[in-house]
Amino acid sequence: MLCLKGFNYGELERWVRQQGWKKFRAKQLSKWIYSKKVGSYEEMTDLSKDIRNFLKENTKLNVLKLVTYEKSKEDGSIKFLWRLEDGHTIETVFIPEKGHNTLCVSTQVGCAVGCTFCFTTKDGLIRNLTTAEIIDQYIQTQRLVGLDRRISNVVFMGMGEPLANYDNVKKAVQIMTDDRMLGLSNRKVTISSSGIIHQIKKMYEDSSFPQVRLAVSLNASDQKTRTQLMPISETNTLEDLMETLNSLPVKTGYRIMLEYVLIKDVNDRPEDAHRLARLIGKNKKRYKVNLIPFNPYPGSPYERPDEERVNRFHQILWQYNIGAFVRWSKGKDISAACGQLRKKEIPEEKVSFLTAESLKR
Ligand code: SAH
Ligand code: SF4
């Protein structure tokens with residue numbers, strides 16, 4: 001059944017007209033879905049009973065069911081586990097930060113890319129998420145944490161490779177950044193990719209893809225190590241990737257984020273840091289580097305470097321005047337940290353509904 005959260009504004013208007021309704025119904029629907037974030041059609045009080053009944057019979061409003069959530073005692077981040085209609089599950093992480101709140105969304109069940117340090121990809125790709133499933137992560141989380149804790153930032157860094165689900169992710173970004181819909185600022189939305197070169201180029205050439213921030217998972221400063229960690233690097237080589245990134249038409253204030261998972265004795269040596277600095281070379285203003293100490297998971301083949309080693313790597317980059325920061329992942333105690341999200345199977349009868357009250361501080 002159709003879910004209205006899968007429509008961008010143009011499509012919503014077109015659909016409304018197809019039902020023989022006036023155009024302003026699209027505006028009303030948008031208000032209820034995206035501003036008020038209601039959970040049922042009954043709450044849409046300025047729509048006639050007939051329209052509400054029609055919507056109830058022919059469309060669905062929610063596509064995710066909350067299975068459970070965990071709140072980190074360390075930093076207040078909350079991980080949500082949702083059940084999709086076909087029984088698969090995905091996760092979303094709400095991250096409260098000083099002055100703003102960030103949501104880390106998933107774009108696929110599993111992932112086909114196969115990075116050797118990542119938990120999400122262990123069973124490969126199950127399927128792409130629909131636009132509605134991506135958007136519902138935002139809307140339902142916002143409702144659960146309370147509308148007063150507005151989610152202003154979205155990072156596409158949950159389960160999956162966003163650019164391998166291009167069309168659905170693009171439409172989700174359109175909905176997020178459209179003032180008539182979720183109305184987020186373009187600069188507060190970040191798409192993180194493992195570096196699929198032709199998809200990155202496509203995104204920048206696509207005039208209907210809102211210009212948001214790009215993050216690219218580099219994870220090594222030489223081709224051999226990168227290929228060992230990310231098999232995708234065999235065909236999307238480090239050299240070609242950097243050449244592409246160096247030539248993208250990036251707007252001022254939209255530095256590309258280079259993500260670098262620090263793994264003990266694999267890519268965390270001082271020489272790796274120097275090589276990374278040389279790789280960036282004269283394009284320092286174009287990038288910032290996000291260092292992520294590896295998060296172990298059951299059976300993971302790698303280890304996390306100690307803090308001193310991480311700091312040394314960080315310092316070397318600063319010596320070259322490269323903007324770099326360390327992201328000690330949020331939600332470590334609830335395994336919501338980067339690379340720890342993974343699909344689970346949940347039977348329908350295990351799904352429970354939680355009230356927003358249970359999540360308020
Ligand atoms: N597929 C996209 C986005 C999801 S992964 C991508 O690869 O960019 C988001 C980030 O988590 C990536 O930068 C990835 O390198 C990092 N990551 C994956 N597994 C990790 C782990 N075990 N520890 C720390 N970071 C990890
Ligand atoms: Fe996929 Fe990103 Fe994990 Fe690589 S790091 S396997 S691209 S989710």
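What you see is a predicted model; the values in this text were computed from it and never measured. (Residues numbered from 1 in each chain as written. Chains lettered and ligands numbered in written order. Predicted model: local features only at pLDDT ≥ 70, side-chain atom pairs only at ≥ 80, totals over all residues. Heavy atoms only, no water.)

Chemist: Is there a simple way to explain the nonpolar core in this structure?
Modeler: Taken as a class, soluble globular proteins show a tendency for nonpolar side chains to be buried jointly. Grouped together as the largest cluster of nonpolar side chains are 87 residues, with contacts concentrated most on Phe 156 and Leu 245. Residues lining this core come from more than one domain, with at least three contributed by each of domain 1 (2-60) and domain 2 (65-360). Here Phe 156 is in contact with Val 105, Thr 107, Ile 134, Pro 162, Val 169, Val 173, Met 176, Val 189, Thr 190, Ile 191 and Ser 192, once residues within four sequence places are set aside. Within the second largest apolar cluster, 17 residues are counted, among which are Cys 115, Phe 117, Val 261 and Tyr 297. (Core = buried A, V, L, I, M, F, W, Y, C linked by side-chain atoms within 4.5 Å. Buried < 20%, exposed > 50% of the residue type's maximum accessible area, 1.4 Å probe, protein only. Domains from an automatic or database assignment. Contact = heavy atoms within 4.5 Å.)

Chemist: Honestly, the packing of aromatic side chains in this entry has me stumped. Any pointers?
Modeler: Aromatic ring pairs are defined here through the distance separating the ring centres and the angle between the ring planes. The final tally for this structure, using the stated rule, is 10 aromatic pairs. Taking 5.5 Å as the distance between ring centres and 80° as the angle between the ring planes, the aromatic pair formed by Trp 21 and Phe 54 counts as edge-to-face. Taken together, the residues Trp 21 in the loop between helix 1 (9-18) and helix 2 (24-35) and Phe 54 in helix 3 (residues 49-58) connect sequence positions 33 residues apart. For Trp 21, a relative accessible area of 15% gives the class buried. Among the aromatic residues, those joined into a cluster by ring pairs are Phe 7, Trp 15, Trp 21 and Phe 54. (Phe/Tyr/Trp six-rings, centres within 6.5 Å; stacked < 30°, edge-to-face > 60°. Helix = DSSP H or I, 4+ residues; strand = E, 2+ residues; numbered from the N terminus.)

Chemist: What should I look at first to understand the site of ligand 2 in this one?
Modeler: If you check the shell around ligand 2, you find Cys 111, Val 113, Gly 114, Cys 115, Cys 118, Thr 121, Gly 160, Glu 161 and Ser 194 and nothing else. Of the residues in the shell around ligand 2, the class split is 4 nonpolar, 4 polar and 1 charged. (Near = heavy atom within 4 Å. Nonpolar A, V, L, I, M, F, W, Y, C, P; charged D, E, K, R; others polar.)

Chemist: It is not clear to me how the pairing of strand 6 (residues 100-104) should be interpreted in this structure. Could you clarify?
Modeler: As a general feature of sheets, a regular strand has side chains that alternate between the two faces. The element strand 6 is extensively covered by neighbouring structure, given that 4 of its 5 residues are classed as buried. The pairing of strand 5 (residues 89-97) with strand 6 spans 5 bridges and is classified as antiparallel. Each residue of the ladder has a partner; that of Glu 97, found in strand 6, is His 100. Count of turn residues in the strand 5/strand 6 antiparallel hairpin: 2 residues, of which Gly 99 carries a positive phi of about 80°. Pairing of strand 6 with strand 9 (residues 151-156) involves 4 bridges; the strand directions are parallel. Within strand 9, the position partnered with Asn 101 by the bridge is Ile 151. (Pairing = 2+ DSSP bridges.)

Chemist: It is not clear to me how unusual backbone geometry should be interpreted in this structure. Could you clarify?
Modeler: Although it is not a glycine, Asn 219 adopts a positive phi angle of roughly 70°. Within the element layout of this structure, Asn 219 appears in the loop between strand 11 (213-217) and helix 7 (223-229). Despite not being glycine, Asn 321 has its phi angle at roughly 65°, a positive value. Turning to its location among the elements, Asn 321 is positioned in the loop between helix 10 (307-319) and strand 14 (324-326). Classification of Asn 321 as exposed rests on a relative accessible area of 61%.

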